[in-house]
2 protein chains.
Amino acid sequence: MKYRVRARPKEVEAIAAALALEQSVEVPLAAVREPFVRENIVGRVESIETAGEGRFEVAVRLAAVTFGGDVAQSVNMLFGNSSLHDHVELADVEPPEGWAARFGGPRFGIEGLRRLVGAPERPLTSAAIKPQGLPVEKLAAICHAFALGGIDVVKDDHGLADQPYSPFAERVRACQRAVERARRETGRRTLYAPSLVGSPKALATQARILRDEGVGMALVAPALVGMPAFHELVADGIGVPVLAHPAYSGAARVAPPFLLGKLFRMLGADAVIFPHHGGRFAWPKALCGEVARASRADWQGLRPVMPVPAGGMSVERVPEMVRFYGPDVMLLIGGSLLVAGDALVARTREFVAAVEAAGAPERQRELA
Amino acid sequence: MKYRVRARPKEVEAIAAALALEQSVEVPLAAVREPFVRENIVGRVESIETAGEGRFEVAVRLAAVTFGGDVAQSVNMLFGNSSLHDHVELADVEPPEGWAARFGGPRFGIEGLRRLVGAPERPLTSAAIKPQGLPVEKLAAICHAFALGGIDVVKDDHGLADQPYSPFAERVRACQRAVERARRETGRRTLYAPSLVGSPKALATQARILRDEGVGMALVAPALVGMPAFHELVADGIGVPVLAHPAYSGAARVAPPFLLGKLFRMLGADAVIFPHHGGRFAWPKALCGEVARASRADWQGLRPVMPVPAGGMSVERVPEMVRFYGPDVMLLIGGSLLVAGDALVARTREFVAAVEAAGAPERQRELA
């Protein structure tokens, strides 16, 4: 496990040793009297490297046996108590081979998504139905406009839940019918991804509604519903790709490339939303690039997860984003399309055309 | 809702306005064309107050109807996307009357815990069974020693899960029998609180084992298992008091008095563990005091939740801690008791005696 630690140089060794104890036995070493525990369970500091003024990268070895095969317990051992330390960030995990694969990872991933929407090479497009507060028929009309405009994945705003102004079951049915109608009109397939949010029982009910309505994808925020419940939802056989939303992910304390690009992927996300720089969220460009790299890198034999940069993007930024991320990306534009009002279909077509132009393989080769 | 925001003075109004949009409609105001949504759903900035150099407290009014009665959706609306902003912290929530009570809150709380352990006035005591890696019989022996020493609540280390060296079902049975044996020996009741951790299905299985074994309490980390799953576990009728552990809760930037003292309480915690200053966690003393105050304050008609300061405490600090927190507190000492080795029962008795001496009502009156 790698942690980033803020410390004075003369204190860093003691802080690293305390971190290794905190994330394993959680007692002073003097209280560990069993040789088995000392040798096999106590965490060990493997290395301490400087990472700038007053910053260090500390590698700690934790015993895999303390994790079990459980999501909650794994997060507990990785960052349970140390999350309470302001000076510690969980930077990365290099688990033993096969550890992540036990959780399954993406069942569709980049390739599966491309197959479902019939787009083998170009960047994919996504748009969001909002604002919440609209009645079902208006949300469905927006969904239809996006699908007519040629969007690959139309997702609910993650704020849409089961509110009285647009109840979940009604909304899902109406929006799914809207994308099916558009498909008959255009011959092009749009996946509709409703937002699943709630307690474990509510999630199971919502997943059943998705199946009954023939919905093609699901949006879930693992940090909101809880990572163990997220994983159970996926592992219990939700039959469609899952788009992970970063809400409440507290990404300031767990390094986003690990949390979004590896952990959410390990738990079964097929695509993962994160803020692109220069929008509503002040993430540095390099960090956005690292999230995308982590999400597509070879890791533990899992399928790659589709990176979905978002957060205040606009059609004008498409060429720059495709240049930055390459073709294995899904661009998500939300509010800025909706500003078009009655010209929504036309504006959506501009978005889709911009992605197709920027992402055509020949254009990609030119840029390379 | 109150947020703490870092901003330059000339930017704070724009940041506050963006925050109100982000936590409600999540589109530019220009994309909100429906009068109903503009008037009833869009978040509103109610006030901006300076809170030190470059720091502001921003009050935002969000529509309760967007929350529904759901835990995940409530957290989503409170801090979903804004958790991705480094400059924003969720400081507090002043919900409409009755909102929190819908979730139920503590079923035992301070008074119920006192009744169960037969201690109507003095501070309560707690100790932790660790380190993980020990076999079941050694953990049960430690549990027995703590109970013989007179501890009110003996909890599993939160690192104990269902590992092969101390499987959950075996451990719970052995430790519960250990506290029952001690009760026959001393006539004094100790509650054993095993650590429940895992996916929603695993939690349900573990809760069933607790019932079958007649266990008196449960330890659960809401941020690890997921707050919705935590609430479902409590609401589904786990019949014993729940001690909330703060593991992984630091991963989101939510002010501890709200997260631990109000939100965990709203979800049904009867006691809540948090770091006391001057131990292994560098929380300021004032923050610890605020958590305790929030946990016991009148709020939404819920029972108070027992504050449990911990994190590297020792017997020597008992008088100071009781002075600081008063009698409505449960003191939790973990590793520092275990350092006593073979003298564990004697050292535990010192802890219990120190709490009884410091917390006797006459002593409290003297100090007041």
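(A) Up close: the overall build of chain A. Along the backbone of chain A there are 15 helices and 13 strands. For 368 residues, the compact-globule estimate of 2.2 N^0.38 gives 21 Å, and the C-alpha radius of gyration of chain A, at 22 Å, lies within 12% of that figure. Along the longest, intermediate and shortest principal axes, the C-alpha atoms of chain A span 70 × 50 × 35 Å. A total of 368 residues make up chain A; the buried ones form 60% of that total. For chain A, the proportion of contacts with a sequence separation of at least 24, taken over those separated by at least 6, is 74%.

(B) Looking closely at the nonpolar core. By size, the foremost hydrophobic cluster in this structure holds 266 residues, and its most contacted members are A:Cys143, A:Ala218, B:Cys143 and B:Ala218. Excluding residues that lie within four positions of it along the chain, B:Ala218 makes contacts with B:Ala193, B:Pro194, B:Leu196, B:Leu210, B:Ile238, B:Val240, B:Val242 and B:Leu243.

(C) Structural detail: the environment of A:Gly214. Residue and element names in this part refer to chain A. With respect to the element layout, glycine 214 can be found in the loop between helix H7 (200-213) and strand S9 (218-220). Exposure remark for glycine 214: the 12 C-beta atoms within 10 Å place this residue in the exposed category. In the structure, glycine 214 is positioned 145 residues away from glycine 69 in sequence and 32 Å away in space, judged by C-alpha atoms.

(D) Summary view of the packing of helix H10 (residues 256-266) of chain B against helix H11 (residues 285-296) of chain B. Residue and element names in this part refer to chain B. Two numbers describe how H10 lies on H11: the axes approach to 8 Å, and their chain directions differ by 20°. With respect to H11, the element H10 is oriented roughly parallel. The element H10 and its partner H11 pack so that their crossing is right-handed. Contact residues: Pro256, Pro257, Phe258, Leu260, Gly261, Lys262 and Arg265 in H10; Leu287, Glu290, Val291, Ala294 and Ser295 in H11. Of the residues contributing to the contact of H10 with H11, the split by class is 7 nonpolar, 2 polar and 3 charged.

(E) The relation of the copies chain A and chain B, seen in detail. Of the two same-sequence chains, chain A is brought onto chain B (RMSD 0.1 Å, axial shift 0.0 Å) by a rotation of 180°. What we have between these two chains is a two-fold relation. In terms of proximity to the rotation axis, the leading residue of chain A is A:Gly226, whose C-alpha is 1.9 Å off the axis. Most of the interface of chain A is mirrored in chain B, where 99% of its interface residues again form contacts.

(F) Layout of the interface of chain A and chain B. Between chain A and chain B, the residue contacts involve 77 residues of the former and 76 residues of the latter. Of all elements in the fold, only helix H1 (12-22), helix H2 (35-40), helix H3 (71-79), H7, helix H8 (222-225), helix H9 (227-235) and helix H13 (335-338) of chain A reach the threshold of two or more residues within the side of chain A that touches chain B. A total of 7 residues in the side of chain A that touches chain B trace back to one element, the largest contributor, which is H3(A). Residue composition of the side of chain A that touches chain B, grouped by class: 41 nonpolar, 23 polar and 13 charged.

(G) Inspection of unusual backbone geometry at higher detail. All names here are of chain A. Following lysine 130, the chain continues to proline 131 via a peptide bond in cis, the omega torsion being 0°. On the secondary structure map, proline 131 appears in the loop between strand S5 (124-129) and helix H5 (136-149). With phi around 55°, glutamine 300 is a residue other than glycine that occupies positive phi space.

(H) Representation of the sheet that holds strand S7 (residues 191-193) of chain B in the model. Residue and element names in this part refer to chain B. Taken in spatial order, the 4 strands of this open sheet run S7-S6-S5-S13, and their pairing is parallel. For this open sheet the edge positions go to S7 and strand S13 (330-333), each flanked by a neighbour on one side alone. Each strand axis lies, on average, 25° off the axis of its neighbour in the sheet, ignoring direction. Taken strand by strand, helix H5 (residues 136-149) contacts strand S5 (124-129), strand S6 (153-156) and S7, and its axis lies near 165° from that of S5.

(I) Just the domain arrangement of chain A, in detail. Residues and elements named next belong to chain A. Parsing chain A into structural domains produces domain 1 (2-94) and domain 2 (109-367). At the junction of the two partners, domain 1 supplies 10 residues and domain 2 supplies 8 residues. Looking at the side of domain 1 that touches domain 2 residue by residue, the class counts come to 7 nonpolar, 1 polar and 2 charged.

(J) Geometry of the sheet that holds S5(A). Residues and elements named next belong to chain A. Spatially, the 4 strands line up as an open sheet ordered S7-S6-S5-S13, and their pairing is parallel. Only two strands of the sheet have a single partner each, and these edge strands are strand S7 (191-193) and strand S13 (330-333). The mean inter-strand angle of the sheet, taken between neighbouring strand axes irrespective of direction, is 25°. Of the pairings in the sheet, the one linking strand S6 (residues 153-156) to S7 comprises 3 bridges and is parallel in character. Within the sheet, the bridge partner assigned to lysine 155 lies in S7 and is alanine 193.

Cut-offs and rules
- Residues numbered from 1 in each chain as written.
- Chains lettered and ligands numbered in written order.
- Predicted model: local features only at pLDDT ≥ 70, side-chain atom pairs only at ≥ 80, totals over all residues.
- Helix = DSSP H or I, 4+ residues; strand = E, 2+ residues; numbered from the N terminus.
- Rg over C-alpha atoms; globule rule 2.2 N^0.38 Å.
- Buried ≥ 20, exposed ≤ 12 C-beta atoms within 10 Å, placed from the backbone.
- Contact = placed C-beta atoms within 7 Å.
- Core = buried A, V, L, I, M, F, W, Y, C linked by C-beta atoms within 7 Å.
- Axes fitted to C-alpha atoms, helices over the stretch in contact; angles between N-to-C directions.
- Parallel < 35°, antiparallel > 145°, perpendicular 65-115°, else oblique.
- Left-handed = near helix turned anticlockwise from the far one by under 90°.
- Nonpolar A, V, L, I, M, F, W, Y, C, P; charged D, E, K, R; others polar.
- Least-squares fit on C-alpha atoms with pLDDT ≥ 70 in both.
- Pairing = 2+ DSSP bridges.
- Domains from an automatic or database assignment.

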